[in-house]
Amino acid sequence: MKQNKENGLAVLKRLVSYLKEFKLALFGGIVGMIGYAVVDMALIWSLQPLIDDGFTGKDPSILAMMPIFVLVVIAFRGLAAFLSSYCMAWVGTHIVMKLQRQLFAQLILLPISFFDKTNTGDLLSKITYDASQVSNAASSALVKIFREGATVIGLVCLMFYQSWQLSLVFFVVAPVVGIAISIVSKRFRKISKNLQNAMGLVTTSSEQMLKGHKEVLMFGGQKIENKKFEKVSNTVRTQNMKMASANAISVPIIQTIASFALAFVLYLATFPQIMDSLSSGTFVVIISSMMALMKPIKNVTQVNNEIQKGISASTSLFNMLDMTVAKDEGTYEVDRVKGDISINDITFTYPTAERAALENVSFEVKAGQSVALVGRSGSGKSTIANLLTRFYDIDSGEIALDGKNIEEYSLSSLRNQVAIVSQNVHLFNDTIANNIAYASEDKFTEQDIIDAATTAHAMEFINSFPEGLNTIIGENGAMLSGGQRQRLAIARALLRDAPILILDEATSALDTESERHIQAALDELQKNRTSIVIAHRLSTIEHADQILVIDQGKVVEKGTHAELLAHGAIYYNLNQMQAAGDL
């Protein structure tokens, strides 16, 4: 329990550290909040001369000045309220923007293994819902805390100035109120954490349904998905109701505790020895101050809900920001490698798996040569491509590029040497041109893009769109066919012009006619480049310089097409099965 309190304070301290960049706006907010509190205190203080001197006729000018005083003070109060709310909202939104940017940048740098075991919906929830909770804590909650806090201090000072004897009652009740708020805070924080998890389930459930919408319709899964969503949405409702009930109970309890102080002061007023030393105006000021304290105490209690949500959300965000990013300790930079690849006795196990995906794998590819990887699904073919680009780091062994361990290269320099065409093409909700020239930063001209698209036989369908290369293709190229998306990926690889090419089932989504055209383009693309071809159709790799048969993470056969056929083992059997299937 003590550790949780210390962690909460540490998180709050770290969140407050973000305020340093916005000192001017924060100063303006503090000035506004103090001004607001001073105005409230001035209004209550004015009751004493109004009652003791104005209404009694001792000083008639007070009654004459009071309307002007009220108008001026209320106008100043409105100005102070605007200044405090606007400045603190400005600070809060900038803090949230900074946190979101840091989180987004962090997510980009995290290793692939992190995304293998994390739901996308949970991450979206952190960027949106958790960030909004921090916004509430950093803006509206801080406004209430500082403004109401200043009001409480001002009113207490006013009470002690008028009568320190009666005001001592406040210090009897204050510790009890503090204990009640502390108990409620723990409850709020626990519920907030559960609510964050529930919001992650909502986004995950929604995302899975939206991405798999066709499958849901095809298999009649509407009822199943509805039931899933009803369950998670009810979980969110339950947590929200727990939060609402905790908030609803805490406010009247704390106000009831505070009312004991007011009742006790009223009781003391029945003693003549006390009232004889006080004027009517002074007593009214004290009573009014104690009643006025109810509102800030109520607001502080309610804002505690937002603060605890903010601390819980900040904890979640800071944990993400503190995660170890993908290892990038290499310093070697190179414009263009020759393309010699040497894989020496590598073993690799996925973080979420128990069994090794690759075990003691070794082979070499000379610059300009091509090596084909064949085998059953899940045998480890694509894993080799992932290791070459350091999406994952090997457990043991070494992968060398031009004789230098790939871990000595910076990640950006290493990945600039490789172009990948995968069977799972990802396209962005942008124009065709921007998808082909993705992340090139205006490095290529429009003609360069057209030339790459033409070679990939993509201009045939691109020209059929009214806006051509400027056509927005939707999320992940939703308005394109699988073959069209594959051609854009090939055009992207052509434009990249990297010395190493990885083709991971690059023609898997193409019909026979398109494959014939694309294969010709790929053959041209592979010239003078080191190529690693992961293929299902053996007819596409007959001319590879070397073919490796991978089975259960090991290289079980190695040789040319002719050599492996003559060997009459696994590759021969695969070839015979495919030939029979084509008949």
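The structure displayed is predicted, hence computed values, not measured ones. (Residues numbered from 1 in each chain as written. Predicted model: local features only at pLDDT ≥ 70, side-chain atom pairs only at ≥ 80, totals over all residues. Heavy atoms only, no water.)

A. Up close: the overall build of the protein chain. Regarding its fold elements, the protein chain presents 21 helices and 10 strands. Looking at the 583 residues of the protein chain, the share that counts as buried comes to 45%. Of the contacts made within the protein chain by residues no fewer than 6 positions apart, 77% connect residues no fewer than 24 positions apart. When the accessible area of the protein chain is evaluated, it comes to approximately 30500 Å², of which 59% is carbon and sulfur surface. (Helix = DSSP H or I, 4+ residues; strand = E, 2+ residues; numbered from the N terminus. Buried < 20%, exposed > 50% of the residue type's maximum accessible area, 1.4 Å probe, protein only. Contact = heavy atoms within 4.5 Å. Areas by Shrake-Rupley, 256 points an atom, 1.4 Å probe, with all protein chains shown as cover.)

B. Spotlight on the nonpolar core. If you look at the biggest cluster of nonpolar residues, it comprises 43 residues, and the most contacted ones within it are Ile 432, Ile 436, Ile 462, Leu 488, Ile 541, Ile 547 and Tyr 571. Of the residues forming this core, the biggest block, seven residues, is contributed by helix 18 (residues 482-496). Each residue touching Ile 432, except ones within four places of it in the same chain, is listed here: Ile 462, Phe 465, Gly 468, Leu 469, Thr 471, Ile 473 and Leu 488. Among the nonpolar cores identified, the runner-up in size contains 31 residues, and Tyr 18, Val 303, Ala 313 and Phe 318 belong to it. (Core = buried A, V, L, I, M, F, W, Y, C linked by side-chain atoms within 4.5 Å.)

C. Structural view of the pattern of salt bridges. Using the criterion set out here, one finds 11 salt bridges in the structure. Close ionic contact of Lys 338 with Asp 340 constitutes a salt bridge, the shortest N to O distance being 3.9 Å. Taking relative accessible area as the criterion, Lys 338 reaches 61% and is therefore assigned exposed. A salt bridge links Glu 364 to Lys 366; its shortest N-O distance comes to 3.9 Å. On the basis of relative accessible area, Glu 364 is assigned to the partly exposed category, the value being 43%. (Salt bridge = Lys/Arg side-chain N within 4 Å of Asp/Glu carboxyl O.)

D. Up close: unusual backbone geometry. Here Arg 390, not a glycine, exhibits a phi torsion of approximately 60°, which is positive. Checked against the element boundaries, Arg 390 lands in the loop between helix 13 (381-388) and strand 4 (396-401). Not every positive phi belongs to a glycine, and Asp 497 is a case in point at roughly 55°. Residue class for Asp 497 comes out partly exposed when judged on its relative accessible area of 36%.

E. Layout of the sheet that holds strand 9 (residues 546-551). Strand order in this open sheet of six strands is 6-7-8-3-9-10, and the pairing throughout is mixed. Lying at the two open borders of the sheet, with one neighbouring strand each, are strand 6 (418-422) and strand 10 (554-559). If you compare each strand with its neighbour and ignore which way they point, the axes differ by 15° on average. Sitting on the sheet, helix 18 is in contact with strand 6 and strand 7 (500-504), with an inclination near 175° to strand 6. (Pairing = 2+ DSSP bridges. Axes fitted to C-alpha atoms, helices over the stretch in contact; angles between N-to-C directions.)

F. Looking closely at the environment of Ala 137. Looking at where Ala 137 falls in the secondary structure, it is placed in helix 6 (residues 120-138). Here the alpha-carbon distance between Ala 137 and Gln 308, two residues 171 residues apart in the chain, equals 8.2 Å.

G. Inspection of the environment of Arg 237 at higher detail. As for its position among the elements, Arg 237 is in helix 10 (residues 222-268). For the pair formed by Arg 237 and Ala 198, sequence separation is 39 residues and the distance between their alpha carbons is 9.2 Å. A polar contact is formed between the side chain of Arg 237 and the side chain of Asn 234, at a distance of 3.0 Å. (Polar contact = N/O pair within 3.5 Å; in protein donor to acceptor, adjacent residues only side chain to side chain.)

H. Main features of a nonpolar patch on the surface. Residues Phe 27, Val 31, Phe 82, Leu 83, Tyr 86 and Trp 90 make up a contiguous nonpolar surface patch of about 610 Å² in total accessible area. Secondary-structure elements contributing two or more residues to the nonpolar patch are helix 2 (23-45) and helix 4 (60-109). Top contributing element to the nonpolar patch by residue count: helix 4, with four residues. On the basis of relative accessible area, Phe 27 is assigned to the exposed category, the value being 55%. (Patch = residues over 30% accessible without salt bridge, like charges linked within 9 Å, V, L, I, M, F, W, Y side chains within 5 Å.)

I. Quick look at a negative patch on the surface. A cluster of acidic side chains, namely Asp 328, Glu 329, Glu 333 and Asp 335, defines a negative patch on the protein surface. On the secondary structure map, Glu 329 appears in the loop between helix 12 (280-321) and strand 1 (341-348). (Lys, Arg positive; Asp, Glu negative; His and termini not counted. Charge placed at Lys NZ, Arg CZ, Asp CG, Glu CD.)

J. Representation of the UniProt feature "transmembrane region" (unreviewed entry) in the protein chain within the structure. The residues that UniProt annotates with the feature "transmembrane region" (unreviewed entry) are residues 24-48, 68-91, 145-162, 168-185 and 246-268. As annotated, residues 68-91 comprises 100% helix and 0% strand, and the C-alpha atoms at either end are separated by 35 Å. Annotation note: span residues 145-162, helix share 100%, strand share 0%, distance between end C-alpha atoms 25 Å. (UniProt positions renumbered as here; feature names shortened; annotations may be inferred.)

K. Looking closely at the side chain of Gln 106. Along the chain, Gln 106 turns up in helix 4. Its relative accessible area of 9% is what places Gln 106 among the buried residues. Once residues within four sequence positions are removed from consideration, Gln 106 is found in contact with Met 320, Leu 321, Asp 322, Met 323 and Val 325.

L. Quick look at the pairing of strand 7. Across the five residues that make up strand 7, a large majority, five, are buried. Alternating residues of strand 7 divide into Ile 500, Ile 502 and Asp 504 and Leu 501 and Leu 503, and every residue in both groups is buried. In this structure, strand 6 lies alongside strand 7, joined through five bridges in parallel fashion. Residue Ala 419 lies in a different strand from strand 7, and its bridge partner there is Leu 501. Both strand 7 and strand 8 (residues 530-534) contribute to a ladder of five bridges, which runs parallel. Pairing of Ile 500 across the sheet is with Thr 530, part of strand 8.

M. Main features of helix 13. Within helix 13, six of the eight residues are buried, leaving the element largely enclosed by the surrounding structure. Of the positions making up helix 13, those classed as buried are Lys 381, Thr 383, Ile 384, Ala 385, Leu 387 and Leu 388. One or two positions beyond helix 13, positive phi appears at Arg 390, with a value near 60°.

N. Main features of the sheet that holds strand 5 (residues 404-405). Strand order in this open sheet of four strands is 2-1-4-5, and the pairing throughout is antiparallel. Each edge of the sheet is formed by a strand with only one pairing partner; in this case those strands are strand 2 (358-365) and strand 5. Note: strand 4 against strand 5, two bridges, orientation antiparallel. Across the sheet, the residue bridging to Leu 401 is Lys 404, located in strand 5. Helix 13 contacts strand 1, strand 2 and strand 4 of the sheet and is inclined by roughly 115° relative to strand 1.

O. The packing of aromatic side chains, seen in detail. Applying the stated criterion across every chain yields a total of nine aromatic pairs. Where Phe 82 meets Tyr 86, the ring centres are 5.7 Å apart and the plane angle is 20°; that geometry is what we call stacked. One end of the pair, Phe 82, and the other, Tyr 86, are both in helix 4, four residues apart, so they sit about a helical turn from each other. Of the residues examined, Phe 82 reaches a relative accessible area of 53% and is grouped as exposed. Between the aromatic rings of Tyr 332 and Tyr 409, the centroid separation amounts to 5.0 Å while the plane-to-plane angle is 85°, which identifies the pairing as edge-to-face. Of the two residues, Tyr 332 sits in the loop between helix 12 and strand 1 while Tyr 409 sits in the loop between strand 5 and helix 14 (411-415), which places them 77 residues apart along the sequence. Residue classification places Tyr 332 among the partly exposed positions, given a relative accessible area of 34%. Linked through ring pairs, Phe 348, Tyr 350 and Tyr 392 together constitute an aromatic cluster. The cationic tip of Arg 14 hangs over the ring face of Phe 318; the distance from NZ or CZ to the ring centre is 4.2 Å. Between the NZ or CZ atom of Lys 404 and the centre of the ring of Tyr 332, over which it lies, the distance is 4.7 Å. (Phe/Tyr/Trp six-rings, centres within 6.5 Å; stacked < 30°, edge-to-face > 60°. Lys NZ or Arg CZ within 6 Å of the ring centre and 35° of its normal.)

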